[in-house]
Amino acid sequence: MRVSKEQLLELMKKKLVKAGLNENAAMDVADVLTFADHRGIHSHGAVRVEYYAERIAKGGITANPNYQFEQTGPSAAVFEGDNGPGHQAAKQAMEKAIAMAKESGVAVVGMKHISHSGALGYFVEMAAKENMVGISMCQSDPMVVPFGGTEPYFGTNPIAFSAPSNDDRIITFDMATTVQAWGKVLDARAKHLSIPDTWAVDSQGEPTTDARDVHALVPVAGPKGYGLMMMVDILSGSLLGVPHGVHVSSMYKDLTKGRDLGQLHIVINPAFFTDLGQFKTRISTMLDELKAQPAAEGYGEIFYPGERGRMRSEKYDEDGIEIVDDIYEYLISDDVHYDRYHGKNRFAE
Ligand code: NAI
């Protein structure tokens, strides 16, 4: 099914309101989800609405949150999320971080007690659109073995980075610290396909190619990804006094309770370090140089991070955004679904 960006936003907003979220929050959440689908990050778009709706309906996402923002130093602040929708909390916290960095050059804003905030690229791009560098990272539920381990300890703990150029190109580097997202394993399961032996391990910690035998995901680039996901967990968890590592709440275990997740935004104002115009020109030059690099066989051309997502957006603007039929049917239905996810394991099984 293909829908326009506007249609998709409206459908998701309506469903979230039906589940109990106030209009403003529903709009903010739907906007971040629409961003994801529009960029082709379908793992973090409309596919999640049914889960969020159930969690809102069960009280595990605060429908009318009482956010608190405390600036604790010239460049430091803490955002108390009251377990409201993570997308809205992270958006508001980024607005605060941008305002602070305009004054102080750098802002570090930690969010605590928030819910899942989706695709982090949305938030870092807010900073780039204001001529700043944005970095964001957050915790997610434990489903990744530490390097060499057999049991999950960290989440897929994503990191995102964005920077402006002096033209309409924005760099958006946005990745989970695992080799592959869980959604790709689910997809392979549904299609009865095997998976590469680099994605996941079985219960013995051995690489598996059987999508049904997956016990945990593995960090990207072995010990390096493991170190990165640990860094993310410390900076967006321990630093803010919320549960860490394996103690981070599961997405599906109990939908009646808040998730108490942590996230960290860092905003750097280049104007405090160099000439802003020159900085942006240097980024454009870098992108031009990269685009002019010869591509290896089979690659066609070199892309900069975020470029392919924007190409996808342009195509979707012409053709409509591709949404799985079942998800579209759910969005246009009167259902909220109160018992699809509650009590499931970390893989929603
Ligand atoms: P991915 O593997 O699709 O892309 C990772 C990065 O590589 C992106 O910046 C992309 O622009 C870049 N890229 C991809 N192909 C490229 C190419 N050919 N040339 C140059 N650059 C290229 O992303 P991943 O790891 O699957 O993450 C997807 C989303 O999931 C992200 O938005 C992330 O924030 C989100 N996420 C959110 C979590 C949460 O708890 N909130 C947890 C995990 C992921």
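Bear in mind that the values here come from a model prediction, so they are computed numbers and not experimental data. (Residues numbered from 1 in each chain as written. Predicted model: local features only at pLDDT ≥ 70, side-chain atom pairs only at ≥ 80, totals over all residues. Heavy atoms only, no water.)

Colleague: I'm lost on the pattern of salt bridges in this one. Help?
Modeller: Where charged atoms from two side chains of opposite charge approach closely, those side chains can pair. Applying the stated criterion across every chain yields a total of 17 salt bridges. Across the pair Glu-125 and Arg-310 runs a salt bridge whose closest N-O atoms are separated by 2.9 Å. Placement of Glu-125 in helix H5 (residues 121-128) and of Arg-310 in helix H9 (residues 307-319) is noted, with a sequence separation of 185 residues between them. Comparing Glu-125 with Arg-310, the two get one shared label, buried. Overlapping salt bridges bring together Arg-39, Glu-125 and Arg-310 as one network. (Salt bridge = Lys/Arg side-chain N within 4 Å of Asp/Glu carboxyl O. Helix = DSSP H or I, 4+ residues; strand = E, 2+ residues; numbered from the N terminus. Buried < 20%, exposed > 50% of the residue type's maximum accessible area, 1.4 Å probe, protein only.)

Colleague: Looking at this model, I keep getting lost on unusual backbone geometry. Mind explaining?
Modeller: Note: most residues except glycine have negative phi, and most peptide bonds are trans. At Asp-260, a residue that is not glycine, the phi angle is positive and equals roughly 55°. With respect to the helices and strands, Asp-260 occurs in the loop between helix H7 (223-236) and strand E10 (261-268). If you check the backbone angles, His-337 has positive phi at about 70° while not being a glycine. Residue placement: His-337 occurs in the segment after helix H10 (325-332).

Colleague: Got a minute to help me understand the site of the ligand in this structure?
Modeller: Near the ligand lie 19 residues; those nearest to it are His-44, Gly-118, Asp-174, Ala-176 and Gly-306. In this structure, Leu-120 approaches the ligand through a main-chain N or O atom, which is 3.1 Å from an oxygen atom. In terms of residue count, strand E7 (residues 170-175) provides more of the shell around the ligand than any other element does, four residues in total. Residue contributions to the shell around the ligand reach at least three from each of two domains, namely domain 1 (2-275 + 308-332) and domain 2 (276-307). (Near = heavy atom within 4 Å. Polar contact = N/O pair within 3.5 Å; in protein donor to acceptor, adjacent residues only side chain to side chain. Domains from an automatic or database assignment.)

Colleague: What is the right way to read a negative patch on the surface from this model?
Modeller: A grouping of Glu-6, Asp-168, Glu-314, Asp-317 and Glu-318 is seen on the molecular surface, where their side chains present a negatively charged patch. Counting residues per element, the negative patch draws most heavily on H9, at three residues. Inspection of the secondary structure puts Asp-317 in helix H9. The exposure class assigned to Asp-317 is exposed, which follows from its relative accessible area of 53%. (Patch = residues over 30% accessible without salt bridge, like charges linked within 9 Å, V, L, I, M, F, W, Y side chains within 5 Å. Areas by Shrake-Rupley, 256 points an atom, 1.4 Å probe, with all protein chains shown as cover. Lys, Arg positive; Asp, Glu negative; His and termini not counted. Charge placed at Lys NZ, Arg CZ, Asp CG, Glu CD.)

Colleague: Looking at this structure, I do not really get helix H2 (residues 23-38). What am I missing?
Modeller: Two residues of an α-helix separated by three or four positions point the same way, owing to the 3.6 residues in each turn. Here H2 is 16 residues long and its end C-alpha atoms lie 22 Å apart, about the 22 Å a rise of 1.5 Å per residue gives. Of all 16 residues making up H2, twelve are buried, and the element is well covered by its neighbours. Inspection of H2 places Ala-25, Ala-26, Asp-28, Val-29, Ala-30, Val-32, Leu-33, Thr-34, Phe-35, Ala-36, Asp-37 and His-38 among the buried residues, and these make up the whole buried set. In this structure, the buried side of H2 is in contact with helix H1 (5-19), helix H3 (49-58), helix H4 (86-104), H5, H9 and strand E11 (321-322). Between a side-chain oxygen at the N-terminus of H2 and the backbone nitrogen of Asn-24 the separation is 3.1 Å; the capping residue is Asn-22. Two residues or fewer after H2 comes Gly-40, characterised by a positive phi angle close to 90°. (Expected span 1.5 Å × (residues − 1). Contact = heavy atoms within 4.5 Å.)

Colleague: Teacher, can you tell me more about the sheet that holds strand E2 (residues 68-71) here?
Modeller: Hydrogen bonding along the main chain pairs the strands of a sheet, whether they run parallel or antiparallel. The strand order E2-E3-E4-E10-E5-E6-E7 describes an open sheet built from seven strands, whose pairing is mixed. In the strand order of this sheet, the two ends are held by E2 and E7, each with one partner. When strand polarity is set aside, the average angle formed by the axes of neighbouring strands in this sheet is 10°. Alignment of strand E5 (residues 133-138) against E10, held across six bridges, turns out to be antiparallel. Bridge assignment links Ile-135 to a residue of E10, and that residue is Ile-266. (Pairing = 2+ DSSP bridges. Axes fitted to C-alpha atoms, helices over the stretch in contact; angles between N-to-C directions.)

Colleague: So what exactly am I meant to see when it comes to the side chain of Ser-162 here?
Modeller: For Ser-162, the location among the structural elements is in strand E6 (residues 159-164). Residue classification places Ser-162 among the buried positions, given a relative accessible area of 0%. A polar side-chain atom of Ser-162 sits 2.8 Å from the main-chain carbonyl oxygen of Ile-171.

Colleague: What should I look at first to understand the packing of aromatic side chains in this one?
Modeller: Between two aromatic rings, the relevant description is the distance of the centres plus the angle of the planes. Counted by the stated rule, this structure contains nine aromatic pairs. Note on Tyr-51 and Tyr-252: the rings are 5.3 Å apart at their centroids and 80° apart in plane angle, and the pair reads as edge-to-face. Of the two residues, Tyr-51 sits in helix H3 while Tyr-252 sits in the loop between H7 and E10, which places them 201 residues apart along the sequence. Residue class for Tyr-51 comes out buried when judged on its relative accessible area of 2%. A residue is classified by how much of its surface remains accessible, and Tyr-252, at 11% relative accessible area, is buried. Geometrically, the ring pair formed by Tyr-67 and Phe-79 is tilted, given 5.2 Å between the ring centres and 45° between the ring planes. Of this pair, Tyr-67 sits in the loop between H3 and E2 while Phe-79 sits in strand E3 (residues 76-80); the two residues are twelve residues apart in sequence, bridging distant segments of the chain. A relative accessible area of 2% means that Phe-79 is categorised as buried. Pairwise contacts between aromatic rings join Tyr-51, Tyr-52, Tyr-252 and Tyr-341 into one cluster. The ring of Tyr-330 carries the charged tip of Lys-15 above its face, separated from the ring centre by 4.4 Å. (Phe/Tyr/Trp six-rings, centres within 6.5 Å; stacked < 30°, edge-to-face > 60°. Lys NZ or Arg CZ within 6 Å of the ring centre and 35° of its normal.)

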